[in-house]
Amino acid sequence: MAVKGDQTRTRLIDAARTLVEARGYFGTGLNEVIEAGRAPRGSLYHHFPGGKDQLTAEALSVSAREIDELIRSLADGVTDTRELIEAVLDALADRMEEAGYAKGCPIATVALEVAATNASLQQVCAEAYDGWERALADRLVADGHGHAEDLACSLLALIEGALVLARARRSRVPIERARRSAAVLLGA
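The sections below set out a description of the structure shown in this document.

What counts, and at which threshold
- Position labels on residues start from 1 in each chain and follow its written sequence.
- Residues qualify for local features only when their pLDDT is at least 70, as the model is predicted, and side-chain atom pairs are given and counted only at 80 or more; totals for whole chains, interfaces and linings, by contrast, use all residues.
- Side-chain measures were taken over the full set of non-hydrogen atoms in the model, leaving aside hydrogen atoms and water.
- Runs of E in the DSSP output that reach at least two residues are strands. Runs of H or I that reach at least four are helices, and both are numbered from the N terminus.
- Here, expected helix span is obtained from the residue count minus one, scaled by 1.5 Å.
- Type-normalised accessible area, obtained with a 1.4 Å probe on protein chains alone, sets the label of each residue: buried when under 20%, exposed when over 50%, and partly exposed for intermediate values.
- The contact criterion used throughout is that any non-hydrogen atoms of two residues lie within 4.5 Å.

This part is about helix α4 (residues 51-76). For α4, built from 26 residues, the straight-helix expectation of 38 Å at 1.5 Å per residue is met to within 8% by its first-to-last C-alpha distance of 38 Å. Residues of α4 that are buried include every one of G51, L55, T56, A57, A59, L60, S63, A64, I67, D68, I71 and A75, and no others.

This is the structure:
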């Protein structure tokens, strides 16, 4: 029975990840998550007694780990930070295009919606961004860049802004512009 319960829980998290990223926290209803997750109605509160906030927090955490793993795995296959930023931008832009621009950053929509009103979700979003920033800073330090934390913050802000603009415009042009700006920031 535990395996079936774990599968239901995972389906609910996956459904929440997809819906919340595309529609935001306030645009996603629990009935939609239950339907998309093919789960019995009672299972949501069984697996997530904290309700929508707990489900969203866990969905965001899974998404954050996925992007962190993406950044770190891409870092292993490139020669420098510039190539890493290009690879991250390409991977996220491809993901966005494949989803018909319904996806961008899996954290940004919720971060923008609830940062001032929901401390627990704000904290999950902040931790996600902190992790990604650390991954970038690690690579910058390995490449010998000074002020790695400041530069990592700037590069993450550039990536995030490019994703928001690309999604809003339904165009990769902001991604390409961010690629060129990152090269300038990195002195390449």
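Within the element layout of this structure, F26 appears in the loop between α1 (2-23) and α2 (30-36). In sequence terms F26 and V110 are 84 residues apart; their C-alpha atoms lie 8.6 Å from each other.

This part covers the environment of P40. Relative to the helices and strands, P40 resides in the loop between α2 and α3 (41-47). According to the relative accessible area criterion, P40 is exposed, its value standing at 54%. Sequence separation between P40 and T8 is 32 residues, and the spatial gap between their C-alpha atoms is 8.6 Å. Other than its neighbours up to four places away in sequence, P40 contacts T8 and I34.

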